Amino acid sequence: MIEIPSDLHKDLVPLAFLLGSWTGAGVHDFPGAEKCNFGQEVSFSHDGRDFLEYHSRTWVLDSEGNKVKPLETETGYWRIDADRKVEVVMVRDDGVVEVWYGELADKKPQIDLATDAVARTAASGPYSGGKRLYGYVKSDLMWVGEKQTPEVPLRPYMSAQLKKVVSPEDVERWAKALPDDMPDDGIAFFK
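Residues numbered from 1 in each chain as written. Predicted model: local features only at pLDDT ≥ 70, side-chain atom pairs only at ≥ 80, totals over all residues. Heavy atoms only, no water.

Moving on: the overall build of the chain. The helix and strand inventory of the chain stands at one helix and 10 strands. In the chain, the order of α-helices and β-strands from amino to carboxyl end is β-β-β-β-β-β-β-β-β-β-α. Within the chain, residue pairs in contact and separated by at least 24 positions form 38% of the contacts whose partners lie at least 6 positions apart. If you sum the accessible surface of the chain, you get close to 11300 Å²; carbon and sulfur atoms cover 54% of it. (Helix = DSSP H or I, 4+ residues; strand = E, 2+ residues; numbered from the N terminus. Contact = heavy atoms within 4.5 Å. Areas by Shrake-Rupley, 256 points an atom, 1.4 Å probe, with all protein chains shown as cover.)

To continue, consider the environment of cysteine 36. Turning to its location among the elements, cysteine 36 is positioned in strand 2 (residues 36-45). Residues cysteine 36 and valine 60, spaced 24 residues apart in sequence, show a C-alpha to C-alpha distance of 6.5 Å. Dropping the residues within four chain positions of it, cysteine 36 is found in contact with Gly26, Val27, His28, Val60 and Leu71.

Burial runs high along strand 3 (residues 52-61): seven of the 10 residues are buried. By the bridge criterion, nine bridges tie strand 2 to strand 3 in an arrangement that is antiparallel. Counted as the bridge partner of glutamate 41 is arginine 57 from strand 3. Bridge analysis of strand 3 against strand 4 (residues 67-80) gives 10 bridges, and the strand direction is antiparallel. What sits directly across from tryptophan 59, in strand 4, is proline 70. Linking two consecutive strands that pair antiparallel, namely strand 3 and strand 4, is a turn of five residues; a positive phi of about 90 degrees is found at glycine 65 within it. (Buried < 20%, exposed > 50% of the residue type's maximum accessible area, 1.4 Å probe, protein only. Pairing = 2+ DSSP bridges.)

What follows is about the packing of aromatic side chains. For the coordinates displayed, the defined rule picks out nine aromatic pairs. Ring geometry for phenylalanine 44 against tyrosine 54: centres 5.1 Å apart, planes inclined by 45 degrees, an arrangement best described as tilted. Within this pair, whereas phenylalanine 44 is found in strand 2, its partner tyrosine 54 is found in strand 3, the two being separated by 10 residues in sequence. Here a set of aromatic residues connected by ring pairs shows up, and it is made of Phe44, Tyr54, Trp78, Tyr134 and Trp143. A cation over an aromatic ring shows up here: lysine 67 above the ring of tryptophan 59, its NZ or CZ 4.1 Å from the ring centre. (Phe/Tyr/Trp six-rings, centres within 6.5 Å; stacked < 30°, edge-to-face > 60°. Lys NZ or Arg CZ within 6 Å of the ring centre and 35° of its normal.)

Right, let's talk about the pattern of salt bridges for a bit. Using the criterion set out here, one finds 10 salt bridges in the structure. In this structure, arginine 155 engages aspartate 29 in a salt bridge whose closest nitrogen and oxygen atoms are separated by 3.9 Å. With arginine 155 in strand 10 (residues 155-164) and aspartate 29 in the loop between strand 1 (20-28) and strand 2, this residue pair connects regions lying 126 residues apart in the sequence. With relative accessibility at 25%, the residue arginine 155 sits in the partly exposed group. Look at aspartate 29 and you get partly exposed, because its relative accessible area is 27%. In this structure, lysine 85 engages glutamate 103 in a salt bridge whose closest nitrogen and oxygen atoms are separated by 3.5 Å. Placement of lysine 85 in strand 5 (residues 85-92) and of glutamate 103 in strand 6 (residues 96-104) is noted, with a sequence separation of 18 residues between them. One continuous salt-bridge network, built from bridges that share partners, spans Arg92, Asp94 and Glu98. (Salt bridge = Lys/Arg side-chain N within 4 Å of Asp/Glu carboxyl O.)

Dropping the structure here:
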C-alpha cells in the first residue's frame, strides 16, 4: 500500500512509493570482486522539505543467509521536478560521490538514473559511472545497478528485491482505519 503523508512536500508526491524502510536480498557480481549474495536495508524518509533522504546498507551473506561482512553503504538525497526529472546526490563509503539524473516513468512507479558526475578520493577503487533502475513491483521495491570502470565497460553488478518493513505502529494505525462492519469469518470480505 502506498501512503502519502500529509506533511510530504507537494513536489515529492510522485516519489511517495519509495518512502519507508525496505529490506531484502540480491546478487553482487563484478569483475575483480567475488560474486556473492547480499542482504540490504534501505530507507527513504522526508522532513517536509523538497527532498527524500536515502540510506542503504548492504552486507555479504553466507550460504545460510547469515551476515558475513559489510559490502557497501550509501547515503544521499533525491529530488524530482514538475517534468518528472529526478536528481540524486549520493555518497558511498568507498570514497565516491555521485550526481545522478534520470526520470520517473510515465504512469508507473519506475525510475531510470544515470551518473552525470563522479568524484573519487585517492582511496577509492576505479569507477567511472553507472546506471540504476528502481521499480515498485507488486508492493516490492526492485532495483538493478550497472557499473563501469576504465577497465570494465558498463555492465550489471548488483540487483535486489526488497520488501517493505512494517512497524507495529503501522499495523495499529491500519487496524484502526478498518471499517467497523468487517465480516467475522473473513470469507464474506472476498465475495
